[in-house]
Amino acid sequence: MKYVHEFRDPQRAQGILRQIEAIAAQLPPGFPGSPSSDRPLRIMEICGGHTHAIFKYGLADLLPDSVDLIHGPGCPVCIMPKGRLDDAITLAQNPQVILTTFGDVLRVPGSSQSLLQAKAKGADIRVVYSPLDALQIAIAHPDREVVFFAIGFETTAPSTALTVLQAAAQGVSNFSLFCNHVLVVPALEALLNQPDLQLDGFIGPGHVSMVIGARPYQVIAERYGKPVVVSGFEPVDILQSLWMVLDQLVTGRCTVENQYSRLVAEDGNPVALGAIAQVFTVREQFEWRGLGEIPASGLRIHPDYAQFDAEVKFSLPHPHVDDHRACACGDILRGVKKPWECKVFGTACTPDSPLGACMVSSEGACAAYYNYGQLDRRRPAAPSAVPSHSSSAR
Amino acid sequence: MCLGIPGQILDIIDPQHLLATVSIGGVKRSVNIACIVDEDHPVDACVGDWVLVHVGFAMNRIDAEDAQITLTMLDEIAELNAMTQ
Ligand code: SF4
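Throughout what follows, the structure given in this document is the object of discussion. (Residues numbered from 1 in each chain as written. Chains lettered and ligands numbered in written order. Predicted model: local features only at pLDDT ≥ 70, side-chain atom pairs only at ≥ 80, totals over all residues. Heavy atoms only, no water.)

## Side note on the overall build of chain B
- Broken down by element type, chain B carries 1 helix and 5 strands.
- Counted from the first residue to the last, chain B has its helices and strands arranged as β-β-β-β-β-α.
- Its C-alpha radius of gyration of 15 Å places chain B more than 25% over the 12 Å reference for a compact globule of 85 residues.
- Projected onto its principal axes, the C-alpha positions of chain B cover 50 × 30 × 20 Å.
- Counting every position in chain B, which comprises 85 residues, the buried fraction comes to 49%.
- Looking at chain B alone, contacts between residues at least 24 apart form 39% of all its contacts between residues at least 6 apart.
- Carbon together with sulfur atoms contributes 51% to the accessible area of chain B, which is approximately 4000 Å² in total. (Helix = DSSP H or I, 4+ residues; strand = E, 2+ residues; numbered from the N terminus. Rg over C-alpha atoms; globule rule 2.2 N^0.38 Å. Buried < 20%, exposed > 50% of the residue type's maximum accessible area, 1.4 Å probe, protein only. Contact = heavy atoms within 4.5 Å. Areas by Shrake-Rupley, 256 points an atom, 1.4 Å probe, with all protein chains shown as cover.)

What follows is the structure in structure tokens.
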């Protein structure tokens, strides 16, 4: 497939891997990843799509020991707090409601059950490919209330915003959104403000950036002094971006660079940003599973479109449910711990019954380690202990 | 979740609702093209465009020239100049 195969070319991957080794060897003395430092270089890939690709293609194992990849908070399914899931289940249990959502969300556990379990008990929950499909269901069922459980970063927010605008234009009154869209940069700032931070640079989320552009990451480079390279999703894209981060570190630069210029413009997509600005407003704060409340990190529906806001239309309990005590997700997201260092990894916490955020979707760090057999990097798992690959592998 | 797939716009199904047929690796799908249409690039001009499809929407056009520049840069970094097309 065009724009895919050339960025999966093994020869290109080999070539760039050799250059990553060469440039990692040039890290100045005392700098993380240099022989005289006590820790490897820690580069965070922000997006869960990158985390998944890194494990699918085994990239982490091909890198020199001096470079460690840290897996960021960019999996909107993983970071959905249990309380929001409980609210979605409350909506679905209303006999008047058809709850529609993306397939990824169905298995995420709330405090007592998942949407899939609620569906098995009779709730009318339907998986859609696009929010436009949810709108079609509403048009086809004028006697029911159709709610779209909207999740996702800035990548997905324009599609739900445009769907609300279309519902308004067509005068559809039985359609609403339960809005759980989240924002990337405030989450990164929350990570960067942690006192024990051990991150040296970022691989930026390509598809969020095709909407918001590369410019919003400037604050990360300027205020926090960390290089950012916005990256595509094929293995060669990710390796090239990693080389670009290392090149900045070795040459003493700190800026935002764009490896994914075939899709990402400096200022993003004006139509998509316009739709977001028209339909949504920023919440004062939003709770992230594993990270807690983060200021200005989520979107809600603008009062002008209140008739499409499920949080206005229905009364929801909004419970706060604490993360599991044993969960080390926060430390994993900050790069302080690896999944196998969590006490319950692979025992009490597995993809089938996740305790923490990072195990919830195939894009979470713990799930990626588990599904691809990285039960312990230092002692590779015996073949019999390697779980079968996730069926949702992409 | 932020997954997107490249596809090519084959024809316009419904200009009013901005719906087009996109071929994604040979599979045809109806996709909303609101995000890639503006005054400089009207609906009719979209036929033939390569786009990135995410949840039923064409989110951006893929720039062929930029893709080639990225590959050329990559092959220079990786010292694979000989195999640059
Ligand atoms: S193994 Fe489970 S509980 Fe432990 S950090 Fe990972 S997701 Fe959280």
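Moving on from the coordinates now.
## Digging into the site of the ligand
- The environment of the ligand is formed by C327(A), A328(A), C329(A), I332(A), C342(A), V344(A), F345(A), C349(A), G356(A), C358(A), M359(A) and C366(A).
- Looking at the shell around the ligand residue by residue, the classes come out as 11 nonpolar, 1 polar and no charged. (Near = heavy atom within 4 Å. Nonpolar A, V, L, I, M, F, W, Y, C, P; charged D, E, K, R; others polar.)

## Looking at the pairing of strand β4 (residues 50-54) of chain B
Residue and element names in this part refer to chain B.
- With 5 of its 5 residues buried, β4 lies for the most part within the structure.
- Going residue by residue along β4, you find W50, L52 and H54 tucked away on one face and V51 and V53 tucked away on the opposite face as well.
- Sheet analysis places strand β1 (residues 5-14) next to β4, joined by 4 bridges and oriented antiparallel. Among the inter-strand pairings, P6 is bridged to a residue of β4, identified as L52.
- In terms of strand pairing, β4 meets strand β5 (residues 57-61) through 4 bridges, oriented antiparallel. Among the inter-strand pairings, H54 is bridged to a residue of β5, identified as F57.
- Where β4 hands over to β5, the hairpin turn is made up of 2 residues, of which V55 adopts a positive phi near 40 degrees. (Pairing = 2+ DSSP bridges.)

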